[in-house]
Structure formats: structure tokens, C-alpha cells
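Now for the letters of each chain:
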Amino acid sequence: MQQQYTYEAALTAAQKVNWRIEDIIGGERKLDFSKPFLPESLARVRPLTFLDADDRLALNQIRGNTYLYVFGLVEEFILPFVLDHVRPRLQDDHYAVRAMLQFASEEAKHIQLFNRFRKEFEAGFGSECEVIGPPEAVARHVLAQPPLSVALATLHIEWMTQRHYLDSIKDDQQLDPQFKSLLRHHWMEEAQHAKLDTLIVEAIAATCTPGEIDQAVDGYLQIGAFLDGGLKQQVDFDLESLRRATGRALSVSEREEYVMVQQQANRWTYLGTGMTHPNFQRTLGQISPPGLAKVKEVAPAFC
């Protein structure tokens, strides 16, 4: 199977990018709660015209808090998955081992970064924002799927991250600079993770029968459905967080519109942007043309 990535090149790039948590959060680096945190293409708060400008800004920031929490949530299963994958290869290609250990180390750092952010957000926002979980239960559920299913879900997430930053965040000058800085630093390291996970998917797929690959694609879709269920719950949590922060209670019709808009916003943000990414589809198509066809068939529901 042909691909353009190598463990050595990914490791070299990662070592150049490497940053410390202390350099990007804390001290004088404060969140600006007068500005939005997420681009409108992901937050989709403008269609909710029954909310005033202040309410929409608060909802955008709640969505921003949820956004980084969800990344921390999924990295809770990516970290052990990568460590499990590298263990059998300790006597193998040293560049591969070092690159994957760097991958795992950076995921652990991201989890810590997002925990730090969450504390600063809660202190500055002024009210509690409930989130789905717990992360350990989500990780157990996902890791119960075949390794190739988890690798595909991870690859989806890595390319999703790239798409979010490059397509929506990078050139948006309206966003809070501090929140944007966190997203930029996260994106910088995830760029190498996308390449490494492509190699992981290919390596696992090479050991699978066609039937096992078919099962893995089904498992990937089951992970997506599981996350979709959690995201639906998060829509309700975010609405309660908005009520708590602003005192704004919605009518029945307003609530129905809110749920419709925000559920689809979450579906696009966390599912559609990953499963329709050209690089994700290219890798999936290389290992399973029927699997790619199946994903393309269901993808419109998440866009």
C-alpha cells in the first residue's frame, strides 16, 4: 500500500513543533469573554434569532468550552490505544517507536492543557457548564471495538482537527486570541498525529482479512453512532448552561429550533468534518473500497 508519510519525518517535525503548556496558558494569558471562542461555521449560533446578541455570545463560549472538553474526552481513548499499539513494536523500527511515544506524550499533554483551560473558563465564565462523560466510561466503550475501528476513529479525529483549524479558525479575526492560540498549538501537533495514525491504520489493516476489515468499518460507524448519542445529550447540557448563565428560558418552539440547529452543528463539527475529509476517505478507500462507499452513504446525515 502506497502512502507518503514516514515515522522519521513525523518525529522530526514533531520535535520542531513541541511546545510547553506553561508557554501558552496561565499568567497574563487570559480568555477574553467579550469575544467568541468558536467560528460560526462550527458554533452555528446566528440562526437562533430568538436569542439576543449577548445570549448568542454566551452560547458560542459554552460551545467553545464543550469543544475543548470533547477533544480531551476522545484523547482519553487515543492515548491508551497508541500505547497499546507501540508495545509490540519495541524491538522494531526505532523511529516508529519514538514517533508513537511522542504521539502519546503529546496526547497526554493535550489532556492536561484542556483540563487547565476548563478551570480558567469556569473561573471567568461565572457559572457551571455540564459535560458528557465520564471520560473513562467513554474510553472503555470505544476501546472495546476492534483495533482497526479505533484507529479509523482516531484518524477521523486527527483530520477533523486539521479541517477545523485550516478551514474555519486560522483566518477568523473575530475570535478570542487566547482561545485561538490554544487551538493553533493543538493543531500544530495534531498535524503529525494525522500522518502517524495513517501509518497505524495501514499497519493494522495489513494484518486483517477482508472480513475483519469490513467488521472494523462497521465498528468505526458504531463508534460514530455512540459519540452522536453523547453529542445529542451535550446539546441539552449546553442549553441548561445557557439558562444558568443568562437566565434565558426558551419557549417550546424555541427549544425545538435550538435542538435542531445545535444537534446538526455538533454532528457537522465532530462527525461530518472527519468522515468527509479527503485524506480520511483516501486512506479508507485504500483499505476498503466497500467501506468507503458505506461511509459516503451515511455521511450526508452529519453535514
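Residues numbered from 1 in each chain as written. Predicted model: local features only at pLDDT ≥ 70, side-chain atom pairs only at ≥ 80, totals over all residues. Heavy atoms only, no water.

1. Overview of the overall build of the chain
Right, on to step 1. The number of helices and strands found in the chain is 11 helices and 0 strands.
Right, on to step 2. Counting from the amino terminus, helix and strand elements in the chain follow one another as α-α-α-α-α-α-α-α-α-α-α.
Right, on to step 3. Relative to its length of 303 residues, the chain is compact, with a C-alpha radius of gyration of 19 Å against a globular reference of 19 Å.
Right, on to step 4. Looking at the chain as a whole, 56% of its 303 residues are labelled buried.
Right, on to step 5. Placing the 31 positive and 41 negative side-chain charges of the chain at their respective mean positions leaves the two points 3 Å apart. (Helix = DSSP H or I, 4+ residues; strand = E, 2+ residues; numbered from the N terminus. Rg over C-alpha atoms; globule rule 2.2 N^0.38 Å. Buried < 20%, exposed > 50% of the residue type's maximum accessible area, 1.4 Å probe, protein only. Lys, Arg positive; Asp, Glu negative; His and termini not counted. Charge placed at Lys NZ, Arg CZ, Asp CG, Glu CD.)

2. Here we look at the environment of A144
Right, on to step 1. Within the fold, A144 resides in the loop between α5 (135–143) and α6 (147–169).
Right, on to step 2. Sequence separation of A144 and E76 is 68 residues, and the distance between their C-alpha atoms is 14 Å.

3. Brief notes about the packing of aromatic side chains
Right, on to step 1. Applying the stated rule across the entire model yields 12 aromatic pairs.
Right, on to step 2. Judged by centre distance (5.6 Å) and plane angle (55°), the rings of F33 and F37 are tilted.
Right, on to step 3. Taken together, the ring pairs connect F33, F37, F117, F121, F125 and F179 into an aromatic cluster.
Right, on to step 4. Cation over ring: K109 sits above W19, and NZ or CZ is 3.9 Å from the ring centre. (Phe/Tyr/Trp six-rings, centres within 6.5 Å; stacked < 30°, edge-to-face > 60°. Lys NZ or Arg CZ within 6 Å of the ring centre and 35° of its normal.)

4. Re α5
Right, on to step 1. Residues of α5 that are buried include every one of P135, V138, A139 and V142, and no others. Viewed along the axis of α5, the buried residues span an arc of 100°, placing them on a single side of the element.
Right, on to step 2. Of the surrounding secondary structure, the elements contacted by the buried residues of α5 are α3 (53–86), α6 and α8 (210–246). (Arc of directions from axis to C-beta. Contact = heavy atoms within 4.5 Å.)

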